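# Secondary and tertiary structure notes
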Amino acid sequence: MAATQPDDFENPLPTHQFEEINRVIADLTQPQIAWLSGYLAATGGLPLASEPEINNTATAPALTILYGSQTGNAHGLAASLSQLAAARGINANLISMADYKPRQLEKETLVLFIVSTQGEGEPPESAHELLRHLNSARAHRLEQLNYAVFGLGDSSYTHFCKTAKEFDKRLTQLGATSVNPRVDADIDYQPVAEQWNQQVLEQAERFLEKQPHSVVSLDTARKLRQQEYTRGTPYGAQLLESRRITSEQSTHEVHHLTLEVDPDSFQYQPGDAVGVWFENDRLLVERILGLLNIDGAEKIAGETISELLIRDYELTQLHPNVVKSWAEKGGNKALQNIVADKNKLQAFLYGRQLIDLILEYTLQLSSAALIELLHPLQPRIYSIASSQSEYADELHLTLSVVRYGTKRGTRTGGASGFMGERLTEGDQLRIYPVSKPSFHLPPDHNQAVIMIGSGTGIAPFRAFLQQREAVNATGRNWLIFGNRHFKHDFLYQLEWQKYHRSGLLNRVDLAFSRDQEEKLYVQDRLLDQAGEVYEWLESGAALYVCGSQQMGNSINDTLVRIIDELGSDGLDYLERLRSEKRYQRDLY
Ligand SMILES: Cc1cc2nc3c(=O)[nH]c(=O)nc-3n(C[C@H](O)[C@H](O)[C@H](O)COP(=O)(O)OP(=O)(O)OC[C@H]3O[C@@H](n4cnc5c(N)ncnc54)[C@H](O)[C@@H]3O)c2cc1C
Ligand SMILES: Cc1cc2nc3c(=O)[nH]c(=O)nc-3n(C[C@H](O)[C@H](O)[C@H](O)COP(=O)(O)O)c2cc1C
């Protein structure tokens, strides 16, 4: 069989390559050709990053890697673990907890759980349903299951790695066997993860029959290609435009950012977010070094301390361990008392940066000692405010610049200050996609959606509506938005009005908290419309909430109250909605 040259589009191949392909195809059987088309479709014709051998052998996945992630870290770790497994010839099934049927655990041999903790010790949205199932009386015994848990967290939170601990405890109670001690990893999780990966893969090899050679299913091949841009290998997106969208009188400076992306290699869904790497303010670094009498040109491992502080270390968020080390080194009694009391330490951290520690509790350090004490810089997460159905080669963000006053002067957030104050049009921003499978629109375009957001929590709903318009979704749309003042803080006002006029947005309810004597919030608007909310939910609507953790908690309480009053058990009702993916939240 030979390939014929189609006449409806131009053949981009030089003659010798075209003839070569024809020669190869001529010797192939029909099933071989079918497989080759699948392979090319999955890989886009490009070699895979780790170049494992592709084989369509229909082997059942021997190892399952389950991740529960909110801001992409657990997802990134799980994806690289799956690549390492493939390189060792282990056929691994990489899957988000959101897409995993809990009863499937009864059929598994070996599962690796990689899960973060969110909120105030809560599971990430994607892990909620699986954990709930395991904790319920419906969970069956799991004696056949071997497992290991890797927890991601931040020790500055009271409930450090709580979700990982809960998974571990419950799996043991259900009779499953832990093959490796659980790891509770802090923000600097990469080195611990590398060690854990080696250990669990060695365990996996012991349990699983080793494949004769590296076997990666086509599905896995597709997933591996999607990991092109990650936290470790970010994409350089050019800033096309930055425009302030709150008035000059607003207490909050919010910008709409437009970034350019290559639609072939950088793809996202409405509801997804991006991780953003940033640089600290050079002036802040100079001030810190000046106060510590350190020369910015001093070199450590070939780089100046000044460059290291700008690029690699956290200066604007204070980690408890930094304060603990500071108290130890300085011997200051007052600071030691604060460190000794968990609650006092929590309160101390909020609204303080490294510079405040230096100003309040003088300590002289060498440049090497300073670097040893600091924590590595972490990327920040931002919801995407656009849909690629409307802006294929763009990515929009809604950025609120964190700025607050202290007794010692005004302080600015690291990432938001970088993007809002120092990044100029034409500059590149290092970003990577953060998939949010637990915050995607319903696949059924006829389904109604209720979107509740305050402040920058509006961002993903802009993407939702662009998408609903682009696909001609027929389901009803209801937006409930809150902020401080109608006149100053009505983000994207004209766009909502346009959607309302066109009929895409069936309802818009607004809560401007400071436009009247008594404060008014989105949860109050929800309560005003209790009957209608219930009617929408009863007729199948999906409910989305985005914004601050505090707002999310209030909305949840209000929903329970509404549903209780209208005849059903509120808590049970919301649990059912969650399990049907009809109650999804993205809180920060
Ligand atoms: C899933 C997710 C989605 C997000 N989406 C968005 C989004 O769309 N838009 C957006 O703008 N942000 C969003 N964020 C928040 C964002 O990730 C950053 O947390 C935020 O921009 C602050 O980062 P920063 O580096 O500027 O500040 P940091 O350098 O991280 O400083 C934060 C610290 O400043 C202090 N602080 C902050 N405010 C005050 C205050 N009022 N008074 C006293 N101290 C204060 C606190 O100590 C706080 O820990 C999202 C977060 C998550 C997790
Ligand atoms: C809003 C928010 C709340 C968090 N709450 C906790 C917590 O209660 N306990 C904890 O150990 N870590 C907490 N963390 C830290 C995350 O678990 C940590 O950043 C982790 O690396 C995130 O992994 P993920 O991106 O896979 O979700 C929180 C992070 C955020 C953004």
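See above for the structure.
A brief look at the structure comes next. Just so it is clear, the structure is predicted and the values come from calculations on it, not from any experiment.

A word on the overall build of the chain. Helices and strands together make up the secondary structure of the chain, namely 22 helices and 21 strands. Within the span of the chain, comprising 588 residues, buried residues form 52% of the whole. Here the contacts in the chain between residues at least 6 apart in sequence split such that 78% fall between residues at least 24 apart. If you sum the accessible surface of the chain, you get close to 27,200 Å²; carbon and sulfur atoms cover 48% of it.

Our next topic: the site of ligand 1. Around ligand 1, the structure places 23 residues, and the nearest of them are Thr316, Arg380, Ile381, Tyr382 and Ser416. Against a free-state accessible area of 990 Å², the protein chains account for coverage of 79% of ligand 1. A breakdown of the residues in the shell around ligand 1 according to their chemical character gives nine nonpolar, 11 polar and three charged. In terms of domain composition, the shell around ligand 1 takes at least three residues from each of domain 3 (235-278 + 379-434) and domain 4 (282-373).

Take the packing of helix α3 (residues 73-87) against helix α6 (residues 190-207) next. Relative orientation of the contacting elements α3 and α6 amounts to 40 degrees, with a least axis distance of 11 Å. Relative to α6, the element α3 is oriented oblique. For α3 against α6, the interelement crossing comes out right-handed. Packed against α3, whose contacting residues are Leu77, Leu81, Leu84 and Ala85, the element α6 presents Gln190, Ala193, Trp196, Asn197, Val200 and Leu201 at the interface. The residue inventory of the contact of α3 with α6, partitioned by class, reads eight nonpolar, two polar and no charged.

On to the packing of helix α4 (residues 125-135) against helix α22 (residues 570-579), then. Running from amino to carboxyl end, α4 crosses α22 at an angle of 115 degrees, the nearest separation of the two axes being 10 Å. Between α4 and α22, the angle falls in the class roughly perpendicular. Here the hand of the crossing between α4 and α22 comes out left-handed. Touching Glu125, His128, Glu129 and Arg132 of α4 are Glu575, Arg578 and Ser579, all from α22. Along the lines of polarity and charge, the residues of the contact of α4 with α22 split into no nonpolar, two polar and five charged.

A sheet is described by the order of its strands in space; here five strands give the open sequence β19-β18-β17-β20-β21, paired in parallel fashion. In the strand order of this sheet, the two ends are held by β19 (507-512) and β21 (583-587), each with one partner. Neighbour to neighbour, the strand axes of the sheet diverge by 10 degrees on average, direction disregarded. Looking at chain direction, strand β17 (residues 449-454) and strand β18 (residues 477-483) are connected through six bridges and run parallel.

About the criteria used
- Residues numbered from 1 in each chain as written.
- Chains lettered and ligands numbered in written order.
- Predicted model: local features only at pLDDT ≥ 70, side-chain atom pairs only at ≥ 80, totals over all residues.
- Heavy atoms only, no water.
- Helix = DSSP H or I, 4+ residues; strand = E, 2+ residues; numbered from the N terminus.
- Buried < 20%, exposed > 50% of the residue type's maximum accessible area, 1.4 Å probe, protein only.
- Contact = heavy atoms within 4.5 Å.
- Areas by Shrake-Rupley, 256 points an atom, 1.4 Å probe, with all protein chains shown as cover.
- Near = heavy atom within 4 Å.
- Nonpolar A, V, L, I, M, F, W, Y, C, P; charged D, E, K, R; others polar.
- Domains from an automatic or database assignment.
- Axes fitted to C-alpha atoms, helices over the stretch in contact; angles between N-to-C directions.
- Parallel < 35°, antiparallel > 145°, perpendicular 65-115°, else oblique.
- Left-handed = near helix turned anticlockwise from the far one by under 90°.
- Pairing = 2+ DSSP bridges.

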